[in-house]
Amino acid sequence: MQKYILRFIYSFILRIFLKLIVGVKFDDASFLEKEEQFVILSNHNSHLDTLSIMASLPSSIIHRVKPVAAGDYFGRNKIISWFSRFFINAILLERKGITKKSSGSPLAAIEKAVDEGYSLILFPEGTRGQPEKMKTLKRGIGIVLSKNKHVKYIPVYMDGMGKNLPKGGALIVPYNAKIKYGTPKTVVSDDSKEIMTQIENDILTLKDELH
Amino acid sequence: MFEKVFQFEVFNNNDLLSVIGLIFGILTFASLLFFAIGKIKPDWNISELKSRTRSWWVMSFIFITATMFSNTISYIAIAFLSFVAFRELYSILGFRDSDRYAILWAYFSIPIQYFLAFIGWYGAFIIFIPVIMFLLIPLRLVLKGDTKGIIKSMSSIHWILMLTVFGLSHMAYFLSLPEIPEFKNGGRGLLLFLVFLTEINDVLQFTFGKIFGKRKIIPSISPNKTWEGFIGGLICTTIIGYLISFLTPLSTFEVLFASFMIAFAGFSGDLVMSSIKRDIGVKDTSTAIPGHGGILDRIDSLSFTAPAFFHFIYYLSY
């Protein structure tokens, strides 16, 4: 049931809304249908980011892709938490735990989803920053990828989302935005830092291709 | 309800039908021509011309279905065109983050302007953007309190509104003009006349420029604008305007002048948009229409010809 609701929301309603009103130019993502399991890694400037990536996915795989969202925001109470899990299909992550390095448990939810065969959408910057500026990437996903070498990562760069709906903005002010997909890549290194540098370079390369 | 929204009298109107037929005739001719050239001279690179022609098919089809069968849909469609054009220009001109709320007000003025056209309140329609929005936009910017670069924002936002909303909304107002006895083609005929002449003028200037173009008019703005293209387009457009003058209530002399004016205004609009793109260093305003560039690259001339032709005819006939 959730599968069809997600398809209807993202591939139909949101796709039309984002295309016609917001002005998002989607990239062709049909190649994702052939990928077994992947992690989409993108820059993050707006709440529209997750919705746009979801809407850009081929509708047949939408239910297999889980965005990783901040638990302190998208799970701040029971209703919102249920809403995020059902309508965004989100994995709720406790952001604060990662920096403490205490138990490693924040990654557990992500690892569980990967083990179950889900693909992920993740913003390694951790939070929405200033429009068109990249922050340093968090290492968490590098650790997960180094343990799961069969999972490919796909760099994505989004341009203009932060102008449509910036952090702190309450209303969408339409602005022509773009999503650009890179090619799927496999991780070779075991060092999460090295993996993150590679990912950052891939995203920045896409940025240069757009401009 | 259905009869209220859709009107099919276009099928009983031979004047409109013949011009619509002419449009599709020209498109068929162009498609066949490029197909033949592709077969005879495979080494000529005409892929851009082909994709342009394909886009013309799509645009003509959308324009005709959106404007010929339903008044209500016509207003919505032209309003949407304004919206996309506004968004495109806003996106490339580079505004401050603090301009967002003024921009939002500007977006809201689009449905209002088209609603005024829809109800045919001419007095409000004609002053809403030039006067009311002219006063409101700076006010909204000032309330935000960010003065650094505010002059540029005040002027550009209003200028984009004038170009993409005020200018284009004249296309919609044709449909609200009162009926003239003895003139059955009405607003639809005038709209078709305007859009067809503007676009055929673009095509003719492009074609004459490609074939005969030597002397550049303003090389610092566009290397593709030549005297040969401009004059060739001007003369042909005036002749074509004369040939389809049955769409208008104008006399022969008036229709010749109107067609000449449309050709000239179209050229000016094109030139102005080229200079803006030069200024910010982009070739096309976006990649919305294959072969053409952005929506603005296509309607830049319309935003000049629509008000020019509208006020000419409004003065003479209404």
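A.B. asks: Would you explain the overall build of chain A in this entry?
C.D. replies: Of the regular secondary structure elements, chain A holds nine helices and seven strands. If you line up chain A on its principal axes, its C-alpha atoms span 45 × 40 × 35 Å. By the burial criterion, 40% of the 211 residues in chain A qualify as buried. For chain A, long-range pairs separated by at least 24 residues make up 72% of all intrachain contacts whose partners lie at least 6 apart in sequence.

A.B. asks: In this structure, what is going on with the overall build of chain B? I would like to understand it.
C.D. replies: Along its length, chain B carries 12 helices and zero strands. Seen in sequence order, chain B has helices and strands lined up from the N terminus as α-α-α-α-α-α-α-α-α-α-α-α. In summary, chain B has a C-alpha radius of gyration of 20 Å against a globular reference of 20 Å for 318 residues, a match within 12%. The principal-axis extents of the C-alpha atoms in chain B amount to approximately 65 × 50 × 35 Å. By residue count, 41% of the 318 residues in chain B fall in the buried class. Sequence-distant contacts in chain B: of pairs separated by 6 or more residues, those separated by 24 or more amount to 70%.

A.B. asks: Any chance you could explain helix α10 (residues 252–280) of chain B here in plain terms?
C.D. replies: The periodicity of an α-helix, 3.6 residues per turn, causes residues three or four places apart in sequence to face the same way. All names here are of chain B. The end-to-end C-alpha distance of α10 is 43 Å, a good match for the 42 Å that 29 residues give at a rise of 1.5 Å each. Buried residues along α10 sit in contact with α8 (186–212), α9 (227–243), α11 (295–299) and α12 (302–317). With its phi angle positive at about 75°, Gly 281 sits one or two positions after the end of α10.

A.B. asks: Whenever I open this one, the interface of chain B and chain A confuses me. Can you help?
C.D. replies: By a frequent convention, interface size equals the accessible area lost on bringing the separate parts together. Contacts between chain B and chain A engage 10 residues on the former and nine residues on the latter. At the level of elements, α4 (71–93) and α5 (100–119) of chain B are the ones that each hand at least two residues to the side of chain B that touches chain A. Residue classes in the side of chain B that touches chain A are distributed as four nonpolar, two polar and four charged.

A.B. asks: Where do I start with the packing of α8 of chain B against α9 of chain B in this structure?
C.D. replies: The relative placement of two packed helices is expressed as an angle between their axes plus a distance between the axes. Residue and element names in this part refer to chain B. Packing of α8 against α9 brings their axes to within 7 Å, and their N-to-C directions diverge by 140°. Considering the angle they form, α8 stands oblique to α9. The crossing of α8 and α9 is right-handed. Within the contact between the two elements, α8 uses Leu 197, Ile 200, Asn 201, Leu 204, Gln 205, Phe 206, Phe 208, Gly 209 and Phe 212 and α9 uses Glu 228, Gly 229, Phe 230, Gly 232, Gly 233, Cys 236, Thr 237, Ile 240 and Gly 241. Residue composition of the contact of α8 with α9, grouped by class: nine nonpolar, eight polar and one charged.

A.B. asks: When you look at the sheet that holds strand β2 (residues 38–42) of chain A in this model, what are you seeing that I'm missing?
C.D. replies: Residue and element names in this part refer to chain A. With mixed pairing, seven strands are arranged side by side in an open sheet as β1-β7-β6-β2-β5-β3-β4. If you trace the sheet from one side to the other, it starts and ends with β1 (24–25) and β4 (91–93), each paired once. In the sheet, β1 pairs with strand β7 (residues 177–181) via two bridges, with the strands oriented parallel. The partner of Lys 25 across the bridge, within β7, is Lys 178. Sitting on the sheet, helix α9 (residues 192–210) touches β2, β6 (152–159) and β7, and the angle it makes with β6 is about 40°.

A.B. asks: I'm lost on the environment of Pro 138 of chain B in this one. Help?
C.D. replies: Relative to the assigned elements, Pro 138 of chain B resides in helix α6 (residues 122–144). Taking the C-alpha atoms as reference points, Pro 138 of chain B and Gln 7 of chain B, separated by 131 residues in sequence, lie 42 Å from one another.

A.B. asks: Before we go on, may I ask you to explain unusual backbone geometry in this structure?
C.D. replies: The general pattern is negative phi for most residues beyond glycine and trans for most peptide bonds. The residue Asn 89 of chain A is not glycine, and still its phi comes out positive at about 60°. Position of Asn 89 of chain A relative to the elements: it lies in the loop between α4 (78–87) and β4. Even without glycine at this site, Glu 182 of chain B takes up a positive phi of about 80°. You can see Glu 182 of chain B is positioned in the loop between α7 (150–173) and α8.

Calculation notes
- Residues numbered from 1 in each chain as written.
- Chains lettered and ligands numbered in written order.
- Predicted model: local features only at pLDDT ≥ 70, side-chain atom pairs only at ≥ 80, totals over all residues.
- Helix = DSSP H or I, 4+ residues; strand = E, 2+ residues; numbered from the N terminus.
- Buried ≥ 20, exposed ≤ 12 C-beta atoms within 10 Å, placed from the backbone.
- Contact = placed C-beta atoms within 7 Å.
- Rg over C-alpha atoms; globule rule 2.2 N^0.38 Å.
- Expected span 1.5 Å × (residues − 1).
- Nonpolar A, V, L, I, M, F, W, Y, C, P; charged D, E, K, R; others polar.
- Axes fitted to C-alpha atoms, helices over the stretch in contact; angles between N-to-C directions.
- Parallel < 35°, antiparallel > 145°, perpendicular 65-115°, else oblique.
- Left-handed = near helix turned anticlockwise from the far one by under 90°.
- Pairing = 2+ DSSP bridges.

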